Amino acid sequence: MLYTWRGQPIYAGGLAIAVGWTLWLGFLNYRGIKGASRFQDLLTYGKILVSAVFFIAGIFGGSTVNLEPAFGASGGASWGGMIAVLATTPWFLAGFNQIPQLLEEKAHGTAVRSVGLIVVASIIAGGVYYALAALSAGMAAPWQEITQRELPAAAAFRAAFGSELFARLVLVSGMFGIVTVGNACSIGCSRLLFSLSRARQIGPGFSRLHPNFGSPVVAIVFITAFGALGSFLGRSGIAPMVNIGSAMACVGYVATAAALIKLRRVSPHLPRPYRIPGGILTAAIAGAGSLFLLVSALRQNWIDANGSFPAEWGVLIVWAALGYAFYRQARPGRLETDEPARRRVMLGGEAA
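A. Structural view of the nonpolar core. Counting residues in hydrophobic clusters, the biggest one holds 13 residues, and the most contacted among them are Phe 54, Ala 156, Phe 157 and Val 170. The contacts of Phe 54, once residues within four sequence positions are left out, are Ser 136, Phe 157, Leu 169, Val 170 and Ser 173. Listed in part, the 8 residues of the second largest apolar core include Ala 247, Cys 250, Leu 293 and Leu 294.

Encoded structure:
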């Protein structure tokens, strides 16, 4: 053990792995989008293949008896628990956020409408995946037992089949998922910083591109360094950043729904390659639902803190302060560019 942070021990081996993976992902992205996307494809297909093995084993080798009772020992629904789980779904289903951030990286000739359909398909695919994961683990062993374990899904398959192999498969699938999330965030966040910098919402340095690879090198180095330093905080230090992720995703969803409603009213004749079914009504329902999840997520942070100030709220304050500082620092360059020009360079080409 090297040291402790917020009561959590930090070990040399785990720290070396975390920092090593972060640097490797940064190097991949530094070399350009092709290598990073191929690596992402490899891990994604590997995760699907491994997951399919334990999905089939749990569903066909398990029993529906292990799912009972559906809503606790008394048979009644625990609404507090349901809402607490529901509040985490924006984080687990947030992979689609990377698609619009990578719009400029799409293959030549790909229609914007197709991108919109892919976003919807990715959300459906994520929901189906998590439903199958929960169902297969729940059928593999009684849920009352596995929920008490540190790694419930792996424990379920170990108990059901008496096989360490199945437990390892679950952990391998989880590892693939962690790395794909890290790679996607490295790609998407660096492109987001690049777009904001190009539009002078933050400093111009982040818009610098590599002369050979075409990658936003300053943004990638910044993201990689930030991630590597975060590894030194350990699980207890990173957990508040992850926990606040659902709430912040909901902030983005509420803002997007509100912006869509406003644009439909003030600019009804804008070209819209992809139009959501239901129009303004769908956006209003999405905004209201996202606002509910936002409040639920912040409330859950307060409950988990047992009356003390939630660490997640502290992360939120620091995050907001950093964002404001970056925004203020870019003010001189922003004043030199009019709003239509900033909008064009932020959205880029066809998206604008």
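B. Structural view of helix α13 (residues 280-304). The terminal C-alpha atoms of α13, which comprises 25 residues, lie 36 Å apart, in line with the 36 Å expected from a rise of 1.5 Å per residue. In this structure, the buried residues of α13 make contact with α3 (79-86), α4 (89-92), α11 (234-243), α12 (245-266) and α14 (311-329). Just downstream of α13 lies Asn 306, where phi reads positive at about 55°.

C. Region of the structure containing the pattern of salt bridges. Counted under the stated rule, the structure contains 2 salt bridges. One salt bridge connects Glu 164 with Arg 168, and the closest N-O pair in it is separated by 3.4 Å. Placement of the pair is Glu 164 and Arg 168 together in helix α9 (residues 164-198), with a separation of 4 residues, close to one helical turn. Exposure remark for Glu 164: the relative accessible area of 36% places this residue in the partly exposed category. In the salt-bridge network here, residues are joined through shared partners; they are Arg 158, Glu 164 and Arg 168.

D. Structural context of the environment of Asn 66. By the secondary structure assignment, Asn 66 is in the loop between α2 (33-61) and α3. On the basis of relative accessibility, which here comes to 15%, the residue Asn 66 falls in the buried class. Discounting residues that sit within four places of it in the chain, Asn 66 has contacts with Gly 138, Met 139, Ala 140, Ala 141, Pro 142 and Trp 143.

E. Summary view of the packing of helix α1 (residues 12-30) against helix α10 (residues 217-231). Running from amino to carboxyl end, α1 crosses α10 at an angle of 175°, the nearest separation of the two axes being 9 Å. The pairing of α1 with α10 is recorded here as roughly antiparallel in orientation. On the side of α1, the interface is formed by Leu 15, Ala 18, Val 19, Thr 22, Leu 23, Gly 26, Asn 29 and Tyr 30, while α10 contributes Val 217, Ile 220, Thr 224, Gly 227, Ala 228 and Ser 231.

F. Layout of unusual backbone geometry. Located in the positive-phi region is Arg 200, a residue other than glycine, with phi close to 65°. Along the chain, Arg 200 falls in the loop between α9 and α10. Note on Arg 200: relative accessible area 26%, which makes it partly exposed. Of note in the backbone geometry, Asn 306 takes a positive phi value of approximately 55° without being a glycine. Taking relative accessible area as the criterion, Asn 306 reaches 72% and is therefore assigned exposed.

G. Quick look at α11. Gly 234, Ser 236, Gly 237 and Pro 240 are the residues of α11 that are buried. Residues of α11 that are buried sit in contact with β1 (3-5), β2 (8-10), α10 and α14.

H. Highlighting the environment of Gln 329. With respect to the secondary-structure elements, Gln 329 resides in helix α14. In sequence terms Gln 329 and Leu 260 are 69 residues apart; their C-alpha atoms lie 29 Å from each other.

Thresholds applied
Residues numbered from 1 in each chain as written. Predicted model: local features only at pLDDT ≥ 70, side-chain atom pairs only at ≥ 80, totals over all residues. Heavy atoms only, no water. Core = buried A, V, L, I, M, F, W, Y, C linked by side-chain atoms within 4.5 Å. Buried < 20%, exposed > 50% of the residue type's maximum accessible area, 1.4 Å probe, protein only. Contact = heavy atoms within 4.5 Å. Helix = DSSP H or I, 4+ residues; strand = E, 2+ residues; numbered from the N terminus. Expected span 1.5 Å × (residues − 1). Salt bridge = Lys/Arg side-chain N within 4 Å of Asp/Glu carboxyl O. Axes fitted to C-alpha atoms, helices over the stretch in contact; angles between N-to-C directions. Parallel < 35°, antiparallel > 145°, perpendicular 65-115°, else oblique.

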